[in-house]
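A look at the structure
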Amino acid sequence: MSLNTYKEVAHTNGYEFTQGGGYELPSYPFVPPPELGDKAPAKHPIVIVGGGITGLTLACSLARLGVKAILLDEDDTVGVKGASSRGICYTQKSLEIFERLGVYEHIAAKGTQWSVGRTFAGDDEVYSFDLRQQGSFNLSQQPPFINIQQFYIEAFLVDRIQQLGHVELRWRNRLTGFEQNARTATLTIETPAGEYRLEAEHVIDATGSNSPLRKWLNVPFDSKRGDDRWCIADVRFSTRPPTERHTWIEAPFNENRAVWQHLMADDVWRIDYQMAPNADPAYVSREDVVRERLARQFGPGVEVEIVWVGPYAYRSECVHAMRNGRVYFMGDSAKVVSPFGARGGNTGVADADNLAWKLAAVMRGQAAPALLDSYEDERLEAARENVRVTNRTARFLRPADGIERVYRDAAIALAKRHPFARALVNTGRMAVANPYTRSRIVQYAPGSAAGQSVQNVEFRWANGRPGRINQLLDWAGGDLLLLCFGPLSAAALRRLREVLATTPLRAVQVPAGREPAQADEHVRDPKAHLRGACGLPDGDEPAWALVRPDGYLAASGHTIDSRLVQAIGLTLGLTGVHA
């Protein structure tokens, strides 16, 4: 194949580009794959298709765990070439994941933290909130949210993957053919230097909402498309608005339609304007029209640099299954949601974090292949919930005539006068770590928080220095983490040593108060944040919590006994019986 016949990736992926400065994206070199010219396809355990935020998070997670994989991407950069910053708002759970991957400090330094949100209807502020004052956010070592352009995170992940090794990134490698059977999957890949084939045991589809794999496999999915139209403007101002999330349900400067206002990195503001349902995308994204819109909002004297503009219409989709044979769907290839509440890219990050430790455990021989079936249990539940929540927001922001509009008008009117009604105003339920309520590998019990995410809370190392949960997960190195609270009896210590000798488990004691430790590996919990993060009641009573490598609670109990052994077996897919 000639070097000139490789079809380049579309420049803007559907976004319109104005006369702004745009974003400068890194470019990664094409390296001819070693399989070029081979008659038989080379065999690889894991192939990831798609180098967006989801695929790169998975690749980085596998690299951190020492698992070999190949990532294929048809472009030679991150983000969308020539256009959009795409996702901008990253949740506490995603930030906790990024800390484990070693890129959080770069994100925190580059991005903008926020916790205050204000909602307006007309000229009136309906309500405001500060997420740092809410118990569900205030214990983690990561903030509730950081705003940063998606391509920055993707670039940080690329750098980290290259630093860690184990995962090979192949740029300008386009998947053009696929087949699978009970034994293997075969991929055909086109490059500027020719075509080649790979055989893979596991194939991860992170190609996004226009997934070719989903089409080739005839994957069934539910889909819904509305007539809501929006126009994004990424801009820099001569004067700086407040670093807060501002939303208008009915903005007087936008023909009483909705508006979102967020600050990102580089002093760039993301302004989302809801347009009329019959709006012409070419017209609403014209630079002069955008400038008129900005002048109505910020005043005629405002000085604005337009970075880019993108009109869009959204849809919601969700696959019926997250796996088809050897193919796992994640991110936008599994579900597409409207962009309300930051539930798009963040759930893709969580998909990747969920599957990575399971693949690693199976590849290491520490877990049964049946463990991989739990990916669908957990992430399909999350996908359906996020589609449901965002569809409700879309209906609130674009209500149908009749009862939906009557309900919205009543909710806004009540919220202006009565605090109880503020919860009825739906401008986007902000994303949280989705709980897993019916997973085959979670040991549910009355009063247990099993299936919930464990926040990255602070504790004290034995020497008194501050530590956090993520450091314990790093120490566990992909094994399960057992936190033993309170005193350990001689019998409990004996059983614990037996379990540690035969399972991929690391254990640490958390003595009560100032009681002496009975284990060499121990930490202190003076503020009871560890207990609280694991959903355990206050006090000094003995208890244990089994935490997975993705920071989710697998099980909890009070005595080191057979129930703990059953929980470990269940979490590793070794038994299908819930204890």
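The rules behind the values
Residues numbered from 1 in each chain as written. Predicted model: local features only at pLDDT ≥ 70, side-chain atom pairs only at ≥ 80, totals over all residues. Heavy atoms only, no water. Core = buried A, V, L, I, M, F, W, Y, C linked by side-chain atoms within 4.5 Å. Buried < 20%, exposed > 50% of the residue type's maximum accessible area, 1.4 Å probe, protein only. Contact = heavy atoms within 4.5 Å. Axes fitted to C-alpha atoms, helices over the stretch in contact; angles between N-to-C directions. Helix = DSSP H or I, 4+ residues; strand = E, 2+ residues; numbered from the N terminus. Parallel < 35°, antiparallel > 145°, perpendicular 65-115°, else oblique. Left-handed = near helix turned anticlockwise from the far one by under 90°. Nonpolar A, V, L, I, M, F, W, Y, C, P; charged D, E, K, R; others polar. Pairing = 2+ DSSP bridges. Salt bridge = Lys/Arg side-chain N within 4 Å of Asp/Glu carboxyl O. Expected span 1.5 Å × (residues − 1). Polar contact = N/O pair within 3.5 Å; in protein donor to acceptor, adjacent residues only side chain to side chain. pLDDT = per-residue confidence, 0-100. Phe/Tyr/Trp six-rings, centres within 6.5 Å; stacked < 30°, edge-to-face > 60°. Lys NZ or Arg CZ within 6 Å of the ring centre and 35° of its normal.

1. Details of the nonpolar core
Judged by nonpolar contacts, the single largest core of 132 residues is most densely connected at Leu 62 and Phe 98. When neighbours within four sequence positions are excluded, Phe 98 is seen to be in contact with Ile 53, Thr 57, Tyr 90, Val 103, Tyr 104, Ile 107, Ile 153, Leu 157 and Val 349. Counting 22 residues, the second largest nonpolar core, distinct from the first, contains Phe 120, Ala 233, Tyr 273 and Ala 279.

2. Side note on the packing of helix H2 (residues 92–101) against helix H8 (residues 345–363)
As a packed pair, H2 and H8 sit with axes 9 Å apart at the nearest point and diverge in direction by 45°. In this view, H2 runs oblique relative to H8, as classed from their interaxial angle. The way H2 lies across H8 gives a crossing that is left-handed. The residues of H8 that touch H2, namely those facing Ser 94, Ile 97, Phe 98 and Arg 100, are Asn 346, Val 349, Ala 350 and Asp 353. For the contact of H2 with H8, a count of residues per class yields four nonpolar, two polar and two charged.

3. Observations concerning the environment of Ile 88
Mapping Ile 88 onto the fold places it in the loop between strand E2 (69–73) and strand E3 (89–91). For Ile 88 and Ala 350, which are 262 residues apart along the polypeptide, the C-alpha to C-alpha distance reads 16 Å. Contacts of Ile 88, omitting those with residues within four sequence positions, involve Ile 146, Asn 147, Ile 148, His 262, Met 264 and Arg 270.

4. As for the packing of H8 against helix H9 (residues 374–397)
Running from N to C, H8 and H9 point in directions that differ by 170°, and their axes come no closer than 10 Å. The orientation of H8 with respect to H9, classified from their angle, is roughly antiparallel. Residues Thr 347, Ala 350, Asp 351, Asn 354, Leu 355 and Lys 358 of H8 pack against Ser 374, Tyr 375, Glu 378, Arg 379 and Asn 386 of H9. When the residues that make up the contact of H8 with H9 are grouped by side-chain class, the tally is three nonpolar, four polar and four charged.

5. Here's the deal with the sheet that holds strand E26 (residues 523–524)
In any sheet, the strands associate via hydrogen bonds between backbone groups, in a parallel or an antiparallel arrangement. Pairing within the open sheet is antiparallel, and its three strands lie in the order E23-E22-E26. Single-partner strands in this sheet number two, and they are strand E23 (466–468) and E26. Relative to E26, strand E22 (residues 458–461) is paired through two bridges, and the arrangement is antiparallel. Its bridge partner being in E26, Trp 461 is matched across the sheet by Val 523. Of the strands in this sheet, E22 and E23 touch helix H11 (residues 469–476), which is tilted by about 65° from E23.

6. A look at the pairing of strand E14 (residues 245–251)
Among the seven residues in E14, six count as buried, and that is most of the element. Here E14 runs beside strand E15 (residues 257–263); their pairing, made up of four bridges, is antiparallel. Within E15, the residue paired with Thr 247 across the bridge is Trp 260. Between E14 and E15, which follow one another and run antiparallel, lie five residues, and Glu 255 among them has a positive phi close to 55°.

7. Describing the sheet that holds strand E21 (residues 335–336)
An order of E12-E18-E21 is seen for the three strands of this open sheet, with the pairing classed as antiparallel. Looking along the sheet, the strands with just one partner apiece sit at the ends: strand E12 (221–225) and E21. Running at roughly 160° to strand E18 (residues 315–319), H9 makes contact with E12, E18 and E21 of the sheet.

8. Structural notes on the pattern of salt bridges
If you walk through the whole model with that rule in mind, you get 30 salt bridges. A salt bridge links Glu 74 to Arg 174; the shortest N-O distance between them is 3.0 Å. Separated by 100 residues along the polypeptide, Glu 74 in the loop between E2 and E3 and Arg 174 in strand E9 (residues 174–180) bring together distant segments of the chain. Given a relative accessible area of 36%, Glu 74 falls into the partly exposed group. Residue classification places Arg 174 among the buried residues on the basis of a relative accessible area of 15%. One salt bridge connects Glu 125 with Arg 118, and the closest N-O pair in it is separated by 3.2 Å.

9. A closer look at helix H12 (residues 490–502)
Its 13 residues give H12 an end-to-end C-alpha distance of 19 Å, which sits within 8% of 18 Å, the value for a rise of 1.5 Å per residue. Its buried side turned inward, H12 meets strand E24 (480–485), strand E25 (505–510) and helix H14 (562–571).

10. Observations concerning helix H4 (residues 150–164)
Compared with an ideal rise of 1.5 Å per residue, which puts 15 residues at 21 Å, H4 spans 21 Å between its outermost C-alpha atoms and is within 8% of the ideal. Where H4 terminates, the next one or two residues include Gly 165, which has phi positive at roughly 80°.

11. Overview of the environment of Asn 470
One can find Asn 470 in helix H11. Taking the relative accessible area as the measure of exposure, Asn 470 reaches 4% and is therefore buried. Counting along the chain gives 251 residues from Asn 470 to Val 219, while the straight-line C-alpha distance between them is 36 Å. If we skip the residues at most four places from it in the chain, Asn 470 touches Glu 96, Glu 99, Arg 100 and Asn 456. Only 3.3 Å separates the side chain of Asn 470 from the side chain of Arg 100, close enough to count as a polar contact.

12. A look at the confidence of the model for the chain
Across the chain, the average pLDDT comes to 89, with 94% of residues at or above 70. Below pLDDT 50 for its whole length, residues 11–20 participates in 30 contacts with residues either more than four positions away or in separate chains.

13. Observations concerning the packing of aromatic side chains
By the definition in use, this model includes twelve aromatic pairs. Ring centres 6.5 Å apart and planes at 85° place the aromatic pair Phe 396 and Tyr 407 in the edge-to-face group. Separated by eleven residues along the polypeptide, Phe 396 in helix H9 and Tyr 407 in helix H10 (residues 403–417) bring together distant segments of the chain. Assessed through its relative accessible area of 6%, Phe 396 is described here as buried. Every member of this aromatic cluster is reached through a ring pair, and the members are Phe 120, Trp 248 and Phe 253. The side chain of Arg 293 reaches across the aromatic face of Tyr 273, ending 5.4 Å from its centre.

14. Let's talk about the pairing of strand E27 (residues 543–547)
Counting buried positions along E27 gives five out of five residues, so the element sits mostly inside the fold. Here E27 shows two buried faces, one formed by Ala 543, Ala 545 and Val 547 and the other by Trp 544 and Leu 546. Judged from the five bridges that link them, E24 and E27 form a sheet pairing that is antiparallel. Looking at the pairing, Cys 484 lines up with Trp 544 of E27. As paired elements, E27 and strand E28 (residues 553–557) share four bridges and run antiparallel to each other. In the strand pairing of E28, Val 547 is matched with Leu 553. The turn joining E27 and E28, which pair antiparallel and follow one another in sequence, is formed by five residues; a positive phi near 80° is taken by Gly 551.

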